[in-house]
Amino acid sequence: MPLPKAELHLHIEGTLEPELAFELAARNGVTLPYADTDELRKAYDFEDLQSFLNLYYELMAVLRTEQDFADLANAYLARAAAQGVRHAEIFFDPQAHLARGVSMGTVVEGLWRALGSSEENHGISTRLILCFLRDESAESALRTLDAARPYLDRITGVGLDSAEVGHPPVKFREVYEAAAALGLRRVAHAGEEGPPAYITEALDALGVERVDHGLRCMEDPALVERLVRERIPLTLCPLSNVRLRTVDTLADHPLPAMLDAGLVCTVNSDDPAYFGGYAGDNFAAVHHTLGLTEDRLRELARNSFLASFLEDDEERRAR
Ligand code: ADE
Ligand code: ZN
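Residues numbered from 1 in each chain as written. Chains lettered and ligands numbered in written order. Predicted model: local features only at pLDDT ≥ 70, side-chain atom pairs only at ≥ 80, totals over all residues.

A. Region of interest: the overall build of the protein. Counting its regular elements, the protein contains 17 helices and eight strands. A compact globule built from 319 residues would reach a C-alpha radius of gyration of about 20 Å, and the protein, at 18 Å, matches this within 12%. Overall size of the protein, expressed as C-alpha extent along the three principal axes, is 50 × 40 × 40 Å. Burial analysis of the protein (319 residues in total) assigns 49% to the buried set. (Helix = DSSP H or I, 4+ residues; strand = E, 2+ residues; numbered from the N terminus. Rg over C-alpha atoms; globule rule 2.2 N^0.38 Å. Buried ≥ 20, exposed ≤ 12 C-beta atoms within 10 Å, placed from the backbone.)

B. Highlighting the site of ligand 1. Near ligand 1 the following residues occur: His-11, Gly-14, Leu-49, Tyr-56, Asp-161, Ser-162, His-189, Glu-192, Ser-240, Asp-270 and Asp-271. Looking at the shell around ligand 1 residue by residue, the class counts come to two nonpolar, five polar and four charged. (Near = placed C-beta within 6 Å. Nonpolar A, V, L, I, M, F, W, Y, C, P; charged D, E, K, R; others polar.)

C. Structural context of helix α15 (residues 279-290). Here α15 is 12 residues long and its end C-alpha atoms lie 16 Å apart, about the 16 Å a rise of 1.5 Å per residue gives. Taken together, the buried positions of α15 are occupied by Ala-279, Gly-280, Asn-282, Phe-283 and Val-286. Considered in projection along α15, the buried side chains sweep an arc of 165° and stay on one side of the axis. Looking at the residues trailing α15, positive phi occurs at Gly-291, about 70°. (Expected span 1.5 Å × (residues − 1). Arc of directions from axis to C-beta.)

D. A look at the packing of helix α4 (residues 66-82) against helix α6 (residues 104-115). Between α4 and α6, the least distance of the axes is 7 Å, while the angle of their chain directions is 40°. Relative to α6, α4 is oriented oblique. Read as a crossing pair, α4 and α6 show a hand that is right-handed. Contacts between α4 and α6 involve Glu-66, Gln-67, Asp-68, Phe-69, Ala-70, Ala-73, Asn-74 and Leu-77 from the first element and Thr-106, Val-107, Glu-109, Gly-110, Leu-111, Arg-113, Ala-114 and Leu-115 from the second. For the contact of α4 with α6, the class distribution of residues is eight nonpolar, four polar and four charged. (Axes fitted to C-alpha atoms, helices over the stretch in contact; angles between N-to-C directions. Parallel < 35°, antiparallel > 145°, perpendicular 65-115°, else oblique. Left-handed = near helix turned anticlockwise from the far one by under 90°. Contact = placed C-beta atoms within 7 Å.)

E. Molecular detail of the UniProt feature "site: Important for catalytic activity" (unreviewed entry) in the protein. Following the UniProt record, the feature "site: Important for catalytic activity" (unreviewed entry) maps to His-213 here. Positionally, His-213 belongs in strand β6 (residues 210-213). (UniProt positions renumbered as here; feature names shortened; annotations may be inferred.)

F. Representation of the nonpolar core within the structure. Of all hydrophobic cores here, the largest spans 91 residues; its most connected members are Ile-12, Ala-73, Phe-92, Leu-111 and Ala-202. It is α6 that contributes the most residues to this core, seven residues altogether. With residues up to four places along the chain from it excluded, the contact list for Ile-12 reads Leu-72, Ala-73, Tyr-76, Ile-90, Phe-91, Phe-92 and Leu-111. (Core = buried A, V, L, I, M, F, W, Y, C linked by C-beta atoms within 7 Å.)

G. Broad picture of the UniProt feature "binding site: Zn(2+)" (unreviewed entry) in the protein. UniProt annotation of "binding site: Zn(2+)" (unreviewed entry) refers to His-9, His-11, His-189 and Asp-270 when read in the numbering used here. With the annotated positions falling across 262 residues, the maximum pairwise C-alpha distance of 11.7 Å places them together in a single cluster. Residue position: His-11 is located in strand β1 (residues 5-11). For His-11, a count of 25 C-beta atoms within 10 Å corresponds to the buried category. On the secondary structure map, His-189 appears in strand β5 (residues 185-190). The class of His-189 is buried, set by 28 C-beta atoms lying within 10 Å. Residue contacts for His-189: discarding those within four places in its chain leaves Leu-160, Asp-161, Glu-164, Asp-212 and His-213.

H. Representation of the pairing of strand β8 (residues 264-267). Here β8 shows no split at all, with Val-264 and Thr-266 on one side and Cys-265 and Val-267 on the other all buried. Strand direction decides the pairing type here: strand β7 (residues 233-236) and β8, joined by four bridges, are parallel. When the sheet's bridge partners are listed, Leu-234 is paired in β8 with Cys-265. (Pairing = 2+ DSSP bridges.)

I. Representation of the sheet that holds β8 within the structure. With parallel pairing, the eight strands of this open sheet are ordered in space as β1-β2-β3-β4-β5-β6-β7-β8. The open sheet is flanked by β1 and β8, the only strands paired with a single partner. Strand-to-strand twist in this sheet, taken as the mean axis angle between neighbours without regard to direction, amounts to 25°. Inspection of the sheet shows β6 paired to β7 by two bridges, in the parallel sense. Residue pairing in the sheet places Asp-212 in a bridge with Thr-235 of β7.

J. Examining the pairing of β5 more closely. Inspection of the sheet shows strand β4 (residues 157-161) paired to β5 by two bridges, in the parallel sense. Across the sheet, the residue bridging to Val-158 is Arg-186, located in β5. Handedness of the crossover joining β4 and β5 through helix α9 (residues 173-181) is recorded here as right-handed. For the crossover from β5 across helix α10 (residues 196-204) to β6, the handedness is right-handed. (Right-handed = clockwise from strand over helix to strand, strands pointing away.)

Given below as structure tokens:
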């Protein structure tokens, strides 16, 4: 019986397994530049975040209809349930779909076909977090938030993802202020490849409640002290960090030192179809390779519910 946990850092487009990619390609008449799933898997040898993002955006071409997004989300929820996930806060990247002529409604309503019945079908409560692509303009982010207005009853928060270096959080101050005024919760990727200063900026300029990754905070002791004092949760993704070469090997991952420092850490899967594992696989990896004790794993699981956007009563039921 896997440890019950919440997943707080999961890009739904990053759950597209090669088999489903080919199935959707056939359904939609899209030709992928790979002969089969084996050849596609061979492309999963990444040098850094950008080399992964290139493939991630390329494969999205197969996602065209509401049913495609529903199938994608249902496949993720089934895998997550088998690994003990009871609550999932799911990122999606609307700008990557709008740019291909797929509407906000197609994406959100499609995802909702799966999320709306997830508790009954998979035993997983869900939240949706709309991410802005930080390598697009601030104006594009504002237009995207505008396009999401009819769907705000389905969307809990906003996030910031894609290529980090050279795209500091402050660029998105205005759209985060607008999101806050709409009652949306706020998170942002920071300190994955980018410097610790981006983490500080995400807190101060964007008002984020959680930091996605935040790994590089360890280079700045004063920042670590602040994150501990303010109890800002970090959504770490250990297998992702190895695959994107943010750490050399899993054995070098700073998670044990981060927990020892008193940081509120959670363990998540990021883009599990690409990085070799879902939430439970990430827990198993840090257990076996980093030697985290059962007590530490329970702390990580407890943190995941406490750091979630579940209301108090829901949180109690989930645990
Ligand atoms: N989009 C999908 N996965 C991402 C990651 N790990 N970092 C930034 N943007 C992403
Ligand atoms: Zn991510």
